[in-house]
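Per-entry structural report
Next come the chains, spelled out residue by residue.
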Amino acid sequence: MTARYQAHLRRRWRIGLLALAMVLPVAWTGSAGAQATPGNGDHVVYQESVPTSATPVLTKDFRAAPPVTSQQHHAMQDALIKRRVKLAAQVPQTDGERGVPPATAPTSQVENVSPRAKGPTGPNGLVIARNNRNPLASTDECGVAASLAEPSAANDGPNVYYTGNFDHQEFSTDRGATFSCADPYPAGPAEAPFTCCDTQVIYDHARDVTFHSMLYLDDRFAPTNGIVRVFVRRNIPSPDNCYYDIDFDPSATDVLPDYPHLGLSKKFLYVSANRVSGPNFDWLGSEMRRLNLDQLAACKVASGRTINITNAGDQRILVPGSGAQNVMYFSWVNTPTQWRVFSWPDNSTAVGSTLHDVGAMTFGDADCRGGVNNTDWADEVAANIVGFNVQTAITRNSVNVWAPTDSDAGYPQAHIVGAQFHLGNRPNDLRLVQEPVIAFADQCAGLPAVGVNDSGDQGLAIALGGRAGGGGPAVTTAVGIKDKYNKGPGGFVFRKVAEATYNPDDARFGDYFTVSRNSPCGRFFDATGYGLLGGTDTANVNARYVEFGRGEVCR
């Protein structure tokens, strides 16, 4: 943002503030004020971030972590889930007026599990180049594993880094054909010494560095405080070089940074968290923080900015987008007929946001029963307007948002609804061009994860299975692509990648799948997922590392 443009915004602020207060139900914290200007027919709200920094701890100073048993891990995760459900229950699912739903898009197709197979459209078909199981994710050999597996991975050529609930981590040097244990997680700081869960892996191609994160908490059974730790690994088979502790409330000892996520732009690593406090689980806001990538990769003190965003009392979750270049985008569902899209340019300290009207979406507690045990895998927050599973993808000329929704008049099963916005000349110039739908006639779809390749295509990994009324197939992970061969708004082709026979016995299937650009093959994708094979225990986790794309397999 240029100085001249900033001055222009300050002049417009005085004129537009009163009108904006009437139409934009959003509250911001962490800055002196807001600015506004019309952008492509929509009002734009700008909010200034505040400076922050993070100090590295080098490998030589890592301390051994106190032991945490599987029972203790479960207790910590249950406490987080309890907070999520209680907060989400306070948010109206029908916030705002409903509009006319969009025209029903064609239902999508699904193909059964195949280790390596081409799709139905010849050389342009969906290709599963690799689909390897990580057997260590179903044991406690490399850290405590869980039946709520939530695997995450990224690759650097033949090297793959793989993590998951609760605190296991592995690496592979042969593209996932075999896996070895990575070093155990070190102890957390005094205010949050125990590893918990919610891990994520992301690879920065420009700097050839892998980042991965872990949520640390203060108590083995009833946590009330936590931090997010980001690790820096310059060579996947080698140990971590350093880590950074991200404390979203350094002066408080009763704030949980729930649902943390990572994202990348050209210059910054983004870390987000949903901030919850106190015995009443008060929502403090959704915070987005960015740190200088060059400094992180060099294990130096990293400078950055941070912003906390609230929403007039109604909780919403923010997750950094994927595929960002010079501008990071993220989003939430403002009402069932409206998206809010945020933009944060690398060269600006201010975050902008715009509102966009779309067809009505339906949120609620989806019924997705299936598998041998005929249980439901979609808990109260799986298709909730709060947005625990909202995803944003940034392609060459568009911003794409995705949200899991409940069944409605047009689709009898829980499904995924998106919106595609064409990018104009400015970061906030967004024009709605399509409302894609991923829906299946006979089974539920949800928990979308999305990544972007060098061609600007979107790779998706979704939870697929179960059925309203019961009797559906066991939930598992399926992958697909939105590109020129599957443009939308419907009719997408997905392939299941993990054989499964059971649904979870606690309505939790997890939401930390990852999809990312493959390295060095920039037109293919990496993905993780799992299914429960032969039972519902940790030993039954069928965790996968997948490479997929179109056309010939990258070599």
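Residues numbered from 1 in each chain as written. Predicted model: local features only at pLDDT ≥ 70, side-chain atom pairs only at ≥ 80, totals over all residues. Heavy atoms only, no water.

What about the overall build of the protein chain?
Assigned secondary structure in the protein chain consists of three helices and 36 strands. Each of the 555 residues in the protein chain was classed as buried or not, and the buried ones make up 63%. Considering only contacts in the protein chain between residues 6 or more positions apart, those separated by 24 or more positions represent 62%. Accessible area of the protein chain: about 19600 Å², with a carbon and sulfur share of 51%. (Helix = DSSP H or I, 4+ residues; strand = E, 2+ residues; numbered from the N terminus. Buried < 20%, exposed > 50% of the residue type's maximum accessible area, 1.4 Å probe, protein only. Contact = heavy atoms within 4.5 Å. Areas by Shrake-Rupley, 256 points an atom, 1.4 Å probe, with all protein chains shown as cover.)

Regarding the side chain of Ser-398
Of note, Ser-398 is situated in strand S26 (residues 398-405). On the basis of relative accessible area, Ser-398 is assigned to the buried category, the value being 3%. A distance of 2.6 Å separates polar atoms of two side chains, one belonging to Ser-398 and the other to Thr-395. Within polar-contact distance, the side chain of Ser-398 engages the side chain of Asn-400 at 3.0 Å. (Polar contact = N/O pair within 3.5 Å; in protein donor to acceptor, adjacent residues only side chain to side chain.)

Structural notes on the nonpolar core
Counting residues in each nonpolar core, the largest one holds 41 residues, and the members touching the most others are Phe-330, Val-333 and Trp-339. Of all the secondary structure elements, the ones that give two or more residues to this core are strand S17 (268-277), strand S19 (302-310), strand S20 (327-335), strand S21 (338-345), S26 and strand S27 (415-423). Apart from residues lying up to four places away in sequence, Val-333 is in contact with Arg-316, Gln-338, Trp-339, Met-361, Phe-363, Ile-385, Val-390 and Ala-403. Counting residues in each nonpolar core, the second largest holds 39 residues, with Ala-149, Ala-382, Ala-543 and Phe-548 among its members. (Core = buried A, V, L, I, M, F, W, Y, C linked by side-chain atoms within 4.5 Å.)

A look at the pairing of S21
Residues in a regular strand point their side chains to alternate faces of the sheet. By the criterion of burial, S21 is predominantly enclosed, with eight of the eight residues buried. With burial as the criterion, each face of S21 is covered, one bearing Gln-338, Arg-340, Phe-342 and Trp-344 and the other bearing Trp-339, Val-341, Ser-343 and Pro-345. As paired elements, S20 and S21 share eight bridges and run antiparallel to each other. Looking at the pairing, Val-327 lines up with Pro-345 of S21. Pairing of S21 with strand S22 (residues 350-357) involves six bridges; the strand directions are antiparallel. Its bridge partner lying in S22, Gln-338 is registered against Asp-357. Taking the residues between adjacent antiparallel strands as the criterion, S21 and S22 are bridged by four residues. (Pairing = 2+ DSSP bridges.)

Section: the sheet that holds strand S35 (residues 525-532)
The four strands are arranged S7-S36-S35-S34 in an open sheet whose pairing can be described as antiparallel. Whereas interior strands pair on both sides, the edge strands pair on one side only; in this sheet they are strand S7 (126-133) and strand S34 (515-517). Mean inter-strand twist for the sheet, computed between neighbouring axes without regard to direction, equals 25°. Relative to S35, S34 runs antiparallel, the two sharing three bridges. Bridging from a neighbouring strand, Ser-516 pairs with Asp-526 of S35. (Axes fitted to C-alpha atoms, helices over the stretch in contact; angles between N-to-C directions.)

A short note on the pattern of salt bridges
A full pass over the atoms with the stated rule returns 19 salt bridges. Of the charged contacts in the structure, one is a salt bridge between Arg-84 and Asp-258, with a shortest N-O distance of 2.8 Å. Linking Arg-84 in helix H2 (residues 70-89) with Asp-258 in strand S16 (residues 255-264), this pair joins segments that are 174 residues apart in sequence. A relative accessible area of 3% places Asp-258 in the buried class. Glu-287 is the partner of Arg-289 in a salt bridge, and the nearest nitrogen-oxygen pair spans 3.1 Å. Arg-289 sits in the buried class, given a relative accessible area of 7%. (Salt bridge = Lys/Arg side-chain N within 4 Å of Asp/Glu carboxyl O.)

Details of the environment of Ala-507
Assignment of secondary structure puts Ala-507 in the loop between strand S33 (493-496) and S34. With a relative accessible area of 19%, Ala-507 lands in the buried category. Sequence separation of Ala-507 and Thr-375 is 132 residues, and the distance between their C-alpha atoms is 7.3 Å. With residues up to four places along the chain from it excluded, the contact list for Ala-507 reads Asp-376, Trp-377, Ala-378 and Asp-379.

Looking at the sheet that holds strand S32 (residues 476-482)
The strand order across the open sheet built from five strands is S6-S33-S32-S31-S30, with neighbouring strands paired in mixed fashion. The open sheet has two edge strands, strand S6 (109-111) and strand S30 (445-452), and neither has a second partner. In this sheet, adjacent strand axes meet at a mean angle of 25° when their direction is disregarded. The pairing of S32 with S33 spans three bridges and is classified as antiparallel. In the strand pairing of S33, Gly-480 is matched with Phe-494.

Some words on the packing of aromatic side chains
Scanning all chains against the criterion turns up 16 aromatic pairs. Look at Phe-231 and Tyr-243: their rings are 5.8 Å apart centre to centre, the planes differ by 65°, and that puts the pair in the edge-to-face class. A residue pair is termed long-range when its members are at least 10 positions apart, and Phe-231 in strand S14 (residues 226-233) and Tyr-243 in strand S15 (residues 242-246) qualify at 12 residues. A relative accessible area of 6% means that Tyr-243 is categorised as buried. Three or more aromatic residues joined by ring pairs make a cluster, and in this case those are Phe-62, Tyr-185, Phe-231 and Tyr-243. Lying over the aromatic face of Tyr-243, Arg-229 brings its terminal NZ or CZ to 3.6 Å of the ring centre. Seen from the ring of Phe-268, Arg-290 lies directly overhead, with NZ or CZ sitting 4.1 Å from the centre. (Phe/Tyr/Trp six-rings, centres within 6.5 Å; stacked < 30°, edge-to-face > 60°. Lys NZ or Arg CZ within 6 Å of the ring centre and 35° of its normal.)

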